[in-house]
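Here's the letter readout for the chains.
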Protein chains: 2
Amino acid sequence: MEKSCIIKHFEHYSPLTEDDKLLLDSLEKSPREYRKNTSVWTQGEPSNHFYTVSKGWVYSYRNMEDGSRQILDVYVPGDVVGLREFAFNKRITGLTVMSDAVLCAFPKTRLTEVFAESLLLCSIFFMISATDQAILLERLVNLGRRSARQKLAHFLLEISKRLQKTNVIINNHLTLPLTQTLLADALGLSAVHVNRVFKELREENLIEQTNGHVQLLDVEGLREVAGFDAGYLEENIEAMLQQARQMQRKINGAGGADPADLGILETS
Amino acid sequence: MEKSCIIKHFEHYSPLTEDDKLLLDSLEKSPREYRKNTSVWTQGEPSNHFYTVSKGWVYSYRNMEDGSRQILDVYVPGDVVGLREFAFNKRITGLTVMSDAVLCAFPKTRLTEVFAESLLLCSIFFMISATDQAILLERLVNLGRRSARQKLAHFLLEISKRLQKTNVIINNHLTLPLTQTLLADALGLSAVHVNRVFKELREENLIEQTNGHVQLLDVEGLREVAGFDAGYLEENIEAMLQQARQMQRKINGAGGADPADLGILETS
DNA sequence: CGCCGCGTTGAAGAAAATCAAAGCACGTGG
DNA sequence: CCACGTGCTTTGATTTTCTTCAACGCGGCG
């Protein structure tokens, strides 16, 4: 059986027992393809599922009454989307794919069952939620207290860093499917100004642009411009997850041994 | 025995079983007082605890290299603080109290134990994390796509709404312990500009100000100015929590019935 | 071909920052 | 009781940053 995308994603955080894998697998419906610029959900819709991004780029946004909009976050393959509506029965933001993409849907109600059955998965979900928050916080700082050029430089560095986690980046060369209008909506700027800032960065030899592709020529320079510190992307979760695994073993031990859970670290 | 503050907080979301209450209570160390403008934790410190706010106002912030700072969120009595560092072993933001305050500390490592022992509490924690995110999202929109007067009006309405949840507000009159400098750092503005916008709102008879107190004279008018929609503050969690209670009963049912919960759910 | 979305550039204008100075409330110590 | 310092608010004048408006080029595609 081929590994589902959520298993691959979770294994990035911690080795899983066979039980955990089966549990995750049982959640997953068949992956669905979305064509460029189609909507996965819109504001106000009932929120019954969350998703993992398997292929392509996705963004969540909020439309304003005056016609403008704010892009809240951008997701790349490996990311989990929609956990934030756990506490809401309607979508508070929209989600659309900006390139051809593949997503897997999971019914939200089954989360509780997962929590009940696997302490490790529960902890990982909680951790994903916390990491999401960290990214939002940094974006908040970006919007509130940085200049246009800092905003753009910071955004580029963050995306590049996040892509490195689950995807390969060669020589700091990344394909950026974001139009300048999209970027503007993400950074709280006008599209025109984004264009000007891009020009600036090009002229300072910090980046290179060729139709949709961006190459970070001088990462150190960009870091200086942006005041970028990747700390907020570097979770340190071993302690918590180890604790979860340990407790799970205790529980299993009490109710009847579960051999699949011994020697966790060696399971593949 | 007096109810601990976290129990009061959690009961706001869902009735708790005696077991749940005991569990929560076991977490709580003695509340600690903080004097105005003292720090609870700072950036980079190890993050071993999370807190509930029992009295007073608190804010989390991020300091920038150039000396400016961004206030990320403001917390009022009843709020849970620090869950976002679940995935990090160092603080990614600072936290300080802006009025005399009382907070209760909880060791972070015990969260896993709580997750293992009570599905309901686990769900509530997850929900709090999700609601936090919703607030951050709205703040993001505020910073990215609203004018100064919209930002301020929106902030006032949000705080007022959030205070109503666990505290009483009479006649839209709220005591705002935020200085204009603090507000500026929260809204991504300069203190001078915040002052000017306050003046505008006063002159339009939308608010009234008398040393530290703000009265919202015309909530409807403010709502119009801000484009405020409280949807993001109105979690709808009954379905999820009911599911959690039901499953918990099933689990307990195996070992011994728990009468404290009269769930009414017709899930498949 | 002609349309449309996207990127680019220039010029003018608006929003908010910065700089500077003064007033006001409050607590502290003489 | 008053003088003084300190932190917060208020106001004006000036400057910076970014937006808005407008126009044009360019490439893809029906």
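Residues numbered from 1 in each chain as written. Chains lettered and ligands numbered in written order. Predicted model: local features only at pLDDT ≥ 70, side-chain atom pairs only at ≥ 80, totals over all residues. Heavy atoms only, no water.

Draft legend 1. Structural context of the protein's contact with DNA strand D. Taken together, 16 residues lie around DNA strand D, and A148, L189 and S190 of chain A together with Q180 and N195 of chain B are the ones closest in. Sugar and phosphate atoms constitute 67% of the interface atoms of DNA strand D, taking the interface as everything within 4 Å of the protein. R196 of chain A places a side-chain nitrogen or oxygen 3.2 Å from a base oxygen of DNA strand D. Between a base nitrogen of DNA strand D and a side-chain N or O atom of R196 of chain B, the distance comes to 3.0 Å. (Near = heavy atom within 4 Å. Polar contact = N/O pair within 3.5 Å; in protein donor to acceptor, adjacent residues only side chain to side chain.)

Draft legend 2. Main features of the interface of chain B and chain A. Taken together, the contact between chain B and chain A spans 59 residues of the former and 59 residues of the latter. For the pair chain B and chain A, the summed buried area comes to about 5,500 Å², and 69% of that belongs to carbon and sulfur atoms. It is F126, L140 and R145 of chain B that lose the most area in chain B upon contact with chain A, and together they represent 16% of the buried surface on that side. Among the salt bridges present, the one from R145 of chain B reaches D185 of chain A, with a minimum N-O distance of 2.8 Å. Here chain B and chain A share 23 residue pairs in polar contact (both at pLDDT 80 or more) between them. (Contact = heavy atoms within 4.5 Å. Buried area = accessible area lost by both parts, 1.4 Å probe. Salt bridge = Lys/Arg side-chain N within 4 Å of Asp/Glu carboxyl O.)

Draft legend 3. Region of interest: unusual backbone geometry. Residue and element names in this part refer to chain A. The phi dihedral of N205 falls on the positive side, at around 60 degrees, and the residue is not glycine. Relative to the elements of secondary structure, N205 occurs in the loop between α7 (191–203) and β10 (207–210). Taking the relative accessible area as the measure of exposure, N205 reaches 54% and is therefore exposed. (Helix = DSSP H or I, 4+ residues; strand = E, 2+ residues; numbered from the N terminus. Buried < 20%, exposed > 50% of the residue type's maximum accessible area, 1.4 Å probe, protein only.)

Draft legend 4. Seen up close, helix α8 (residues 219–226) of chain A. Residues and elements named next belong to chain A. Every buried residue of α8 is accounted for by G221, L222, V225 and A226. The arc that holds every buried residue of α8, seen down its axis, measures 125 degrees, which confines them to one face. Looking at the buried residues of α8, the elements they touch are α5 (148–166), β10 and β11 (213–216). (Arc of directions from axis to C-beta.)

Draft legend 5. Just the pattern of salt bridges, in detail. As enumerated under the stated definition, the model contains 36 salt bridges over all chains in all. Two residues, D185 of chain A and R69 of chain A, come together in a salt bridge whose shortest N-O distance is 2.7 Å. With D185 of chain A in helix α6 (residues 180–187) and R69 of chain A in strand β5 (residues 69–75), the pair connects residues that are 116 residues apart, well separated along the chain. The same class applies to D185 of chain A and to R69 of chain A, which are both buried. Salt-bridge contacts for R162 of chain B lead to D79 of chain B; the nearest nitrogen and oxygen are separated by 3.1 Å. On the criterion of sequence distance, the pair formed by R162 of chain B in helix α5 (residues 148–166) and D79 of chain B in the loop between β5 (69–75) and β6 (80–81) is long-range, its members being 83 residues apart. Here the two residues R162 of chain B and D79 of chain B agree in accessibility, since each one is buried. Overlapping salt bridges, with partners in common, bring together D73, D79, R139, E158 and R162 of chain A in one network.

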